[in-house]
Amino acid sequence: MPQQRNALTELVKAHVGAGRRMSTREFAAVAVDPDTQWSPGKSLVAKIIGGQGYDVTPQLVGAVAVGLGLDREIVAAAAHLQVIGYTDDELSTGAPARLIRTIDAEGESTEKAQAVADRWDAEQ
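About the thresholds
Residues numbered from 1 in each chain as written. Predicted model: local features only at pLDDT ≥ 70, side-chain atom pairs only at ≥ 80, totals over all residues. Heavy atoms only, no water. Helix = DSSP H or I, 4+ residues; strand = E, 2+ residues; numbered from the N terminus. Buried < 20%, exposed > 50% of the residue type's maximum accessible area, 1.4 Å probe, protein only. Contact = heavy atoms within 4.5 Å. Lys, Arg positive; Asp, Glu negative; His and termini not counted. Salt bridge = Lys/Arg side-chain N within 4 Å of Asp/Glu carboxyl O. Polar contact = N/O pair within 3.5 Å; in protein donor to acceptor, adjacent residues only side chain to side chain. Core = buried A, V, L, I, M, F, W, Y, C linked by side-chain atoms within 4.5 Å. Arc of directions from axis to C-beta.

## Some points on the overall build of the protein chain
Here is step 1 of the chain: A tally of regular secondary structure across the protein chain gives seven helices and zero strands.
Here is step 2 of the chain: In the protein chain, the succession of α and β elements from N to C terminus is α-α-α-α-α-α-α.
Here is step 3 of the chain: Counting the 124 residues in the protein chain, one finds 40% classified as buried.
Here is step 4 of the chain: Long-range pairs, those at least 24 residues apart, make up 58% of the contacts in the protein chain with a sequence separation of at least 6.

Encoded structure:
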């Protein structure tokens, strides 16, 4: 059974908002999808960090990647984990494992997430 987690929300929330690296206004200004030039507005960014419902789109993934300075595949893995989920095996390698390592470095760490990050580190 796939594990799900609000990974995209966690990823944005770790870097954007009061007391974080960027304000919602600053993030909205730099988060621009390179393919479509779409950018989330301040209100959408506030919804994301507030944990409210929002639609995950390819444009949002691209914009978040640029805004946070992360590889698009990491942000796409966050979106996938939030919307669809991953099996334990899928979380052990590649972008999903890198995602777990990224969000847990910024947020709450769990034993299972740490084990996945440790396996990923051992594979490098």
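## Considering the side chain of Asp33
Here is step 1 of the chain: Tracing the sequence through the fold places Asp33 in the loop between helix 2 (24-30) and helix 3 (42-49).
Here is step 2 of the chain: Although Asp33 lies buried, it forms no salt bridge, and the closest oppositely charged side chain, Arg72, sits 5.0 Å away as judged by the N-O distance.
Here is step 3 of the chain: The contact partners of Asp33, leaving out residues within four places of it in the chain, are Trp38, Pro58, Gln59, Gly62 and Ala63.

## Observations concerning the side chain of Thr9
Here is step 1 of the chain: Note that Thr9 resides in helix 1 (residues 7-13).
Here is step 2 of the chain: Among the polar contacts listed, one links the side chain of Thr9 to the side chain of Tyr54, at a separation of 2.8 Å.
Here is step 3 of the chain: Thr9 has contacts with Ile48, Gly51, Tyr54 and Gln82, leaving out every residue within four places of it along the chain.

## A look at the nonpolar core
Here is step 1 of the chain: Membership of the largest hydrophobic core comes to 32 residues, with the highest contact counts inside it found for Leu8, Phe27, Val64 and Leu99.
Here is step 2 of the chain: Setting aside residues up to four positions removed in sequence, Val64 forms contacts with Leu8, Val12, Phe27 and Val75.

## A closer look at unusual backbone geometry
Here is step 1 of the chain: Positive phi values are uncommon outside glycine, yet Gln37 reaches one of about 65°.
Here is step 2 of the chain: Examined against the element boundaries, Gln37 turns out to sit in the loop between helix 2 and helix 3.

## Considering helix 4 (residues 58-68)
Here is step 1 of the chain: By the criterion of burial, helix 4 is predominantly enclosed, with eight of the 11 residues buried.
Here is step 2 of the chain: Turning to helix 4, the residues buried within the fold contact helix 1, helix 2, helix 3 and helix 5 (72-83).
Here is step 3 of the chain: Looking at the residues trailing helix 4, positive phi occurs at Gly69, about 70°.

## So, the environment of Gln52
Here is step 1 of the chain: By the secondary structure assignment, Gln52 is in the loop between helix 3 and helix 4.
Here is step 2 of the chain: Residue Gln52 is classed as partly exposed on the basis of its relative accessible area, which comes to 45%.
Here is step 3 of the chain: Considered as a pair, Gln52 and Thr9 are 43 residues apart in the sequence and their alpha carbons are 9.1 Å apart.

## Re the pattern of salt bridges
Here is step 1 of the chain: All told, the structure shown has three salt bridges when counted by the stated rule.
Here is step 2 of the chain: Two residues, Arg5 and Glu10, come together in a salt bridge whose shortest N-O distance is 2.9 Å.
Here is step 3 of the chain: Where Arg98 meets Asp71, a salt bridge forms, and the shortest distance between an N and an O atom there is 2.7 Å. Separated by 27 residues along the polypeptide, Arg98 in helix 6 (residues 94-106) and Asp71 in the loop between helix 4 and helix 5 bring together distant segments of the chain.
Here is step 4 of the chain: Judged by relative accessible area, Asp71 falls into the partly exposed class, the value being 44%.
Here is step 5 of the chain: Residues joined in a network through salt bridges with shared partners are Asp71, Glu73 and Arg98.

## A short note on helix 3
Residues lying three or four places apart along an α-helix face the same way, a consequence of the helix completing one turn every 3.6 residues.
Here is step 1 of the chain: Taken together, the buried positions of helix 3 are Leu44, Val45, Ile48 and Ile49. Along helix 3, the residues classed as buried sweep out an arc of 130° about the axis, all on the same side.
Here is step 2 of the chain: Against helix 1, helix 2 and helix 4 lie the buried residues of helix 3.
Here is step 3 of the chain: Where helix 3 terminates, the next one or two residues include Gly51, which has phi positive at roughly 75°.

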